[in-house]
Amino acid sequence: MKTTHFGLAAPLLGMVLLGMGSAVLAADAAPEKKVLNPPHTAADYAAVGKLPDWSGIWIPDQRDQNRQARSNPPPWNAKVKPRIDELFKALDTGQPKLMFDNCMPEAMPAWMLINHNAMEVLFTPGRVTLLGESDSNRLRRIYTDGRPHPEDVYPTFHGHSIGHWEGETLVVDTISIRPQTLFAVLEAVAVPNNGDVHVKERIHLAGKDTLHVELEIEAPNVLTGPWKTTRIFTRERRYDIVEGICIEGDFTESTDKDGNSIFVRIPKSEDGTVYVKKP
Amino acid sequence: MKRFLSATLFIGVALTAPAQAHHSFAMFDSNNQIDIEGTIKEFAWTNPHVAIYVAAKPIAGKPEAVWAIEATSPGNLTRMGWSKGTFKPGDRVKMTIRPLRSGEPGGAFSKAVIVDTGKEVLLKNE
C-alpha cells in the first residue's frame, strides 16, 4: 500500500473507491454480454407445436449416397483431384483407405453426406437439435432464435449453425468448421477441407416419410466453386435410436484375473484395410 | 477362471476381429457370393460393425478355418430384426457371404440359416 498524505484514512478510502470502480465496471460490461438463452414461455412452446412433424427416426439413403459419389461429384480443385482419384481407385480395387477409423466425429458436412446411421430431430423453442446414432455423428445444434453467427467463433467439428423457418422448410447456415475435418463423398473418399467451409441447407419433408436435406457447400480450399447435392432420409417409426460407440469396435470383451468384465484392445492393421489373421 | 481368460484372449487376439471402426465395405467382393458352413464361435454385437466368427469346414480348396464375417451396426441390424441373441456360440450355420478380396477367411454377411432350427437370418434390404 502506498503511503500518502491521507495517512491511515487512505487505505479505507481506496477500498471504497475500488469498490465503486468495480461496480461501475460491472455496469459497463453488462450490456456487452447479452443473454443468449432467455427463459422459454408457453407461447414459445405453442410455436414449436406449429412446426412440421419430423418425429420418428430418419434413416439415410446409402444407395443414393453411393450413386451420387460418382454421378454428382463435387468440383474438386486441381490440388486435391489426384488424391480423390487415387482414393476411388483404391476403393474400386477392394483396398479402401480407412478415413474415419479414428472415430473422430464425421463433422459437417460429412455427417449429412456419408452418414450410415439413423438420426432424430428435436424441436425446442429457438433451436433444432440433430441427434445421430453413433458418437461419430452424434449432435448438431441449430439456433433458430434469430441470433447471428458470433463474430469470433472457435472452429468446431460441426461448426456454428443458425437457422430459420421458411414455411415448413428449415434453412440452415453453418460456418466455422475445423479445417482438419474431412470433406467426404464416401467413407473411403475424403480430403481435409482445409478451412473456410460454408454450408447452406434447406431441410424439408419431400413426402409423408421422406426428408430431404438440400445442401450447397462452399469449400474454397478444395473445390473450384459451390457444390449442390440433396441427401435423402426415410422415416422409421417402429424403432428407437440404438447407442453406437464407434471406438467400441477397437476392443473385444474379456475378463481380467480378478473376474472383472473388461475391454481389451484389438491390434489394428497399419494400412487401414481390414485383415484377418489366421487362427 | 484363468483358463477361461486365456481362451477369451485367444479369441480376441488370434482372430483379429475385422470389425474395425468406421470402414468402407469395399474390401469385400460385392460381385461374388460364397457359401460357408460351420459352427458359430463368437457373435460380437459391437459398434460400429457386428462380427460373426464361424469355425467353417474346408471350402473351395481352402482348409478348415475360422471365418470373420462382418455386418452393419447393431442399430441398423436391430431395425432388420436382429438382436444380440441372433447367433449363439455352438449354433450350426450355413452362411452366404461376400468374401474378402484378399482371399483371407472373412467376408461381409449376406444371409444365413441356423441348421438346427431352420431359422433364416437376412438383411432386410437385400
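Residues numbered from 1 in each chain as written. Chains lettered and ligands numbered in written order. Predicted model: local features only at pLDDT ≥ 70, side-chain atom pairs only at ≥ 80, totals over all residues. Heavy atoms only, no water.

## A short note on the confidence of the model for chain A
It should be kept in mind that the predicted coordinates are not to be read in detail where pLDDT is low. Residues and elements named next belong to chain A. Definition in use: Scored between 0 and 100, pLDDT is the confidence that the predictor attaches to each residue. Two residues qualify as a contact provided that any one of their heavy atoms is within 4.5 Å of a heavy atom in the partner residue.
In the predicted model, chain A carries a mean pLDDT of 87, and the fraction of residues at 70 or more is 85%. Below a pLDDT of 50 lies the segment residues 1-24, which in the model reaches 2 contacts outside its immediate sequence neighbourhood of four places, other chains included. Ignoring residues within four places in sequence, the model shows residues 272-279, a span with pLDDT below 50, making 32 contacts including any to other chains.

## Remarks on the environment of glutamate 187 of chain A
Our working definition: Secondary structure is summarised from DSSP: a helix means a run of H or I of at least four residues, a strand means a run of E of at least two, and numbering begins at the N terminus for each.
Relative to the helices and strands, glutamate 187 of chain A is located in the loop between β7 (182-186) and β8 (189-192). Along the sequence, glutamate 187 of chain A and leucine 91 of chain A sit 96 residues apart, while their C-alpha atoms lie 9.9 Å from each other.

## A look at the nonpolar core
Rules: For the purposes of this section, nonpolar cores are sets of buried Ala, Val, Leu, Ile, Met, Phe, Trp, Tyr and Cys residues that join through side-chain atoms within 4.5 Å. Only protein chains enter the calculation, and the probe is 1.4 Å; a residue is then buried if its accessible area is under 20% of its type maximum, exposed if over 50%, and partly exposed in between.
In terms of nonpolar packing, the biggest core is built from 49 residues, with Met112 and Phe183 of chain A touching the most fellow members. Leaving out residues up to four positions away in the same chain, methionine 112 of chain A has contacts with Met119, Leu130, Arg140, Glu201, Val213, Leu215, Arg231 and Phe233 of chain A. In terms of nonpolar packing, the next biggest core, distinct from the first, is built from 24 residues, Ala65, Trp67, Phe109 and Leu123 of chain B among them.

## Describing helix α4 (residues 81-92) of chain A
Residue and element names in this part refer to chain A. Defined as follows: Helix span is expected to be 1.5 Å times the residue number reduced by one. It is the directions from the helix axis to the C-beta atoms whose arc is reported.
Over its 12 residues, α4 extends 16 Å from the first C-alpha to the last, a length consistent with the 16 Å expected when each residue adds 1.5 Å. Residues Ile84, Leu87, Phe88, Ala90 and Leu91 constitute the buried set of α4. Each buried residue of α4 lies within a common arc of 160° when the element is viewed along its axis, so the set occupies one face. Its buried side turned inward, α4 meets α3 (62-71), β7 and β8. Note on α4: the residue one or two positions beyond its end, glycine 94, has a positive phi of about 80°.

## Examining the state of the cysteines
Residue and element names in this part refer to chain A. Which entries qualify depends on this criterion: Whenever a pair of cysteine sulfur atoms sits within 2.5 Å, that pair is classed as a disulfide.
Tallying each qualifying case throughout the model produces 1 disulfide over all chains. Residue cysteine 103 pairs covalently with cysteine 246 via a disulfide, S to S 2.1 Å. In this structure the cystine formed by cysteine 103 and cysteine 246 twists about its S-S bond by roughly -70°; its chirality is therefore left-handed. With cysteine 103 in the loop between α4 and α5 (110-114) and cysteine 246 in the loop between β11 (227-236) and β12 (251-255), this residue pair connects regions lying 143 residues apart in the sequence.

## Description of the packing of aromatic side chains
Filter applied, for reference: Pairing of aromatic rings covers Phe, Tyr and the six-membered ring of Trp, with a centre-to-centre limit of 6.5 Å; geometry is then stacked below 30 degrees between planes, edge-to-face above 60, and tilted otherwise.
For the structure on display, the rule yields 13 aromatic pairs over all chains. Aromatic pair tryptophan 76 of chain A and phenylalanine 183 of chain A: ring centres 5.4 Å apart, planes at 70°, arrangement edge-to-face. Placement of tryptophan 76 of chain A in the loop between α3 and α4 and of phenylalanine 183 of chain A in strand β7 is noted, with a sequence separation of 107 residues between them. Neither tryptophan 76 of chain A nor phenylalanine 183 of chain A differs from the other in exposure class; each is buried. Residues phenylalanine 25 of chain B and phenylalanine 28 of chain B carry aromatic rings whose centres are separated by 5.3 Å and whose planes lie at 50° to one another, so their mutual orientation is tilted.

## With respect to the pattern of salt bridges
Residues and elements named next belong to chain A. The following threshold applies: Whenever a carboxyl oxygen of Asp or Glu lies within 4 Å of a side-chain nitrogen of Lys or Arg, that contact is scored as a salt bridge.
Counted by the stated rule, this structure contains 16 salt bridges over all chains. Among the salt bridges present, the one from arginine 70 reaches aspartate 92, with a minimum N-O distance of 2.8 Å. With arginine 70 in helix α3 and aspartate 92 in helix α4, this pair connects stretches of sequence that are 22 residues apart. With a relative accessible area of 46%, arginine 70 lands in the partly exposed category.

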